[in-house]
Amino acid sequence: MNIKRLTTLFFLLFLSSCSTKQYLIKTCNQDIELKGVVFVIQNDSSFIIPVAIYPKYQIIDDYVINTKPAIDKIELLICNELKKRNINCKIVNDISDIDKDSYYINYQDYWAWDFKKYMHVLKVNLYKSNKKLISVVSQGNTGGMHDYPNPQKQVPLLIELILKNNSVQ
């Protein structure tokens, strides 16, 4: 193999090894039609994990070492993505502000530091009548290499994953 091909192969492997992945981790067995207003519950805190620890989303809560005021206004990003898809959205402070038969979204963000702050995991959940219908996750690489994921890049991908995988109208 010549040096140019080897360099190209190495470069492609390196880029793919540090990419952030999105996962659909729970679905319901029904079609979801998002009519009316979808509420997004504002999250006032972000979770912080230790430097140089890259836990998977399933166990990341075991690694939270600190809670800080919300680092990013992720609820605004979620609402903007829904509105781009002609889905009405309203941000609320907590679940008591939601009609009991309404769809709503909550989320949790997990941050770490590696030369700069980055969002290692973002979990987004869609509920109706307090029943979880869909969960999606953005997961930074767990091997230490990552592409500095952030909410501005990951929220559109997660909303798209929710809509396309569950016949959401």
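The rules we used
Residues numbered from 1 in each chain as written. Predicted model: local features only at pLDDT ≥ 70, side-chain atom pairs only at ≥ 80, totals over all residues. Heavy atoms only, no water. Helix = DSSP H or I, 4+ residues; strand = E, 2+ residues; numbered from the N terminus. Buried < 20%, exposed > 50% of the residue type's maximum accessible area, 1.4 Å probe, protein only. Contact = heavy atoms within 4.5 Å. Areas by Shrake-Rupley, 256 points an atom, 1.4 Å probe, with all protein chains shown as cover. pLDDT = per-residue confidence, 0-100. Disulfide = S-S within 2.5 Å.

On to the overall build of the protein chain. Scanning the protein chain from N- to C-terminus turns up 3 helices and 8 strands. Tracing the protein chain from N to C terminus, the helices and strands come up as α-β-β-β-β-α-β-β-β-β-α. The 169 residues of the protein chain split such that 43% are buried. Sequence-distant contacts in the protein chain: of pairs separated by 6 or more residues, those separated by 24 or more amount to 70%. If you sum the accessible surface of the protein chain, you get close to 9600 Å²; carbon and sulfur atoms cover 53% of it.

A few words on the confidence of the model for the protein chain. Per-residue confidence for the protein chain gives a mean pLDDT of 85; residues scoring 70 or more make up 82%. Predicted confidence for residues 9–16 stays below pLDDT 50, and this span has 2 contacts to residues more than four positions away or in other chains.

Counted under the stated rule, the structure contains 1 disulfide. What pairs with C79 in a disulfide is C89, and their sulfur atoms sit 1.8 Å apart. Linking C79 and C89, the disulfide has an S-S dihedral of approximately -65° and is accordingly described as left-handed. With C79 in helix α2 (residues 74–84) and C89 in strand β5 (residues 88–92), this residue pair connects regions lying 10 residues apart in the sequence. In this pair, the class of C79 matches that of C89, namely buried.

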